[in-house]
Amino acid sequence: MARRPQAPSQPQRNDKNENQKDKNNKKKNGNRMKSRDAAERAAYFARREAAGVLRQALRGDATRRASASIKSLVYSPSVRNKKATFALVCQTLKYLPVIKEIITSTAILSNKWKKQEELIYITVYDIIFGKEIGTNGPVEKYISQHKEALESALAKMCVRRKVKSIEDLLPNKTEDIPKPRFLRINTLKIDVESAVKEFSKISTVKRDEMLPDLLELLPGFDLHDHPLVLDGSVFLQGKASCMVAHALNPKPGWKVIDACAAPGNKTIHLAALMKGRGNIIACELNETRLKILQETVRRSGATNIDTIPGDFLDVNPKDHAYRKVRAILLDPSCSGSGISAQRLDHLLPSHIKDVDADASKRIQKLAGFQRKALEHALSFPSVERITYSTCSVHQEENEDVIQSVLPLASSLGFELATPYPQWKRRGLPVFDGSEHLLRTDPSDGMEGFFVALFVRKPNEEIAVRDGNNLRDLNNRRGSLRPVYFPRMSKMFLYYASQMRRNAEEGCVTCGGCSERSCC
């Protein structure tokens, strides 16, 4: 029987292997191309989102009317690539003085590109100091054409300043100390135990000893996109900020005013402490911040909050709608010096070139508004508790404001109470009673905050002028009561001195404009 010749299988196998390798290589190259294209597209759009955030931050800083911190701008719903945008904005601000100087020396910012100034800054950072990914856009191509000139200008700048590295040119050298991540549980939507169980999956969770609705996680966790944060079950809120609503301690069913409410974290905290019962009137004058407040309220699920577009100073305490207000949370506009690190204000140009005289003048204007707002809060007839808080470390905005209103507060039956007696850091010892005040400090691993609590003494007979009659507020029938002349004389003298001082100074808040809360 004839033997069948064997097919030359080995060469065919080799051919198949070679073909398969070619296909695999083409597939890998195709994947690399797709990955590179995706990275370039992501970088292209991230630069433009970063330029938008940078524009808002720089304009707000230039006018000292910033409506939101850098973090708030980045983490707004309109920004899609938050992580890349945040990194670009922070790094560009960090290098901005250097970027501006080398751009000026090379004269590349012509009138044609002036309208895209912020995008120029972002792109120069990314191409000269960053990763140089995705240079296909018109601005990217323009900066790439001048890359050698920019690098030459940078080298000359280092020689002129006699520095060895680019980092030595940077004006801001702040040590980034990692701080715990605090989470406030919105008990209107979820209980604390369920939240602990959920976040224990990603980090060690510690329950706060003072605040029962606060959790502490390890530093470094970005939870902005966590489902419980997105749906309003949990809010990223610092411990010091959470202490304010607990200090006010409103009861379910009360009527409460949050006088300067935006962005609304303390407002919705009040709603949770009141178990969704009663009524919270949240005032906000700034239209942009009012929208942020309304969005915060919507996310929280609170149904007992009425947002009022207007100035708290225009709220009439004698109006029937406000006569039963029993608590006021006053957290007025302030310098923000206690949270400047968290807000990243140290990266902004004004922080670098701030002149002490200008800063002092601004703080005095803020203190004038803060004092007026606190005096107004004290004038509500049925109020029992008032918290005054700032995120400032300056005495002028804190202890000095409290001391200035003490005569009025005393004449109306209020006294300073001691929130969190176990807390060791108290007010600066500048007047008798400052030990009742509370301060927090960045050295405590928290924000720099100040809290004062006014409580009306029980059974106080407080007489106020109502038309031509003197009526006692505690008398439901409104019958006439005797007037205590020593107290009324003190009130009269206080208001007389205030009227005389305001007449001499003009607008205490801003030195002449008609807006009482412009600062």
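Residues numbered from 1 in each chain as written. Predicted model: local features only at pLDDT ≥ 70, side-chain atom pairs only at ≥ 80, totals over all residues. Heavy atoms only, no water.

Looking at an unreviewed UniProt entry, one finds the protein named S-adenosyl-L-methionine-dependent methyltransferases superfamily protein and attributed to Rhynchospora pubera. Entered under Catalytic activity (unreviewed entry) in the UniProt record, the comment concerning the protein runs "a cytidine in 25S rRNA + S-adenosyl-L-methionine = a 5-methylcytidine in 25S rRNA + S-adenosyl-L-homocysteine + H(+)". In UniProt, the protein has this text filed under Sequence similarities (unreviewed entry): "Belongs to the class I-like SAM-binding methyltransferase superfamily. RsmB/NOP family." (UniProt positions renumbered as here; feature names shortened; annotations may be inferred.)

Draft legend 1. Spatial organisation of the side chain of serine 392. Within the fold, serine 392 resides in the loop between strand S9 (385–390) and helix H16 (399–411). Of the polar contacts made by the side chain of serine 392, one reaches the side chain of serine 335; its length is 3.3 Å. (Helix = DSSP H or I, 4+ residues; strand = E, 2+ residues; numbered from the N terminus. Polar contact = N/O pair within 3.5 Å; in protein donor to acceptor, adjacent residues only side chain to side chain.)

Draft legend 2. Main features of the UniProt feature "active site" (unreviewed entry) in the protein. In the numbering adopted here, UniProt assigns the feature "active site" (unreviewed entry) to Cys391. Dropping the residues within four chain positions of it, cysteine 391 is found in contact with Cys334, Gly336, Ser337, Gly338, Ile339, Gly448 and Phe449. (Contact = heavy atoms within 4.5 Å.)

Draft legend 3. Up close: helix H7 (residues 147–161). Here H7 is 15 residues long and its end C-alpha atoms lie 21 Å apart, about the 21 Å a rise of 1.5 Å per residue gives. Those residues of H7 lying buried are Leu150, Ala153, Leu154, Met157 and Cys158. Down the axis of H7, the smallest arc covering the buried residues is 140 degrees, so these residues share one side. Opposite the buried face of H7, by more than 90 degrees, sit the exposed residues Glu148, Lys156, Val159 and Arg160. At its buried positions, H7 is contacted by helix H3 (82–106), helix H5 (117–129) and helix H6 (138–145). A positive backbone phi angle near 60 degrees is found at lysine 162, which sits one or two residues after H7. (Expected span 1.5 Å × (residues − 1). Buried < 20%, exposed > 50% of the residue type's maximum accessible area, 1.4 Å probe, protein only. Arc of directions from axis to C-beta.)

Draft legend 4. Spatial organisation of the packing of aromatic side chains. Per the stated rule, a full pass over the model turns up seven aromatic pairs. Pairing tyrosine 95 with tyrosine 125 gives two aromatic rings, centres 5.6 Å apart and planes at 45 degrees, and the pair type is tilted. Within this pair, whereas tyrosine 95 is found in helix H3, its partner tyrosine 125 is found in helix H5, the two being separated by 30 residues in sequence. Here tryptophan 113 and tyrosine 142 contribute two aromatic rings whose centre-to-centre distance is 4.5 Å and whose plane-to-plane angle is 25 degrees, an arrangement assigned as stacked. On the criterion of sequence distance, the pair formed by tryptophan 113 in helix H4 (residues 111–114) and tyrosine 142 in helix H6 is long-range, its members being 29 residues apart. Accessibility expressed as a relative area gives 8% for tryptophan 113, which makes it buried. Judged by relative accessible area, which is 14%, tyrosine 142 ranks as buried. Taken together, Tyr95, Tyr125 and Phe129 form an aromatic cluster joined through their ring pairs. (Phe/Tyr/Trp six-rings, centres within 6.5 Å; stacked < 30°, edge-to-face > 60°.)

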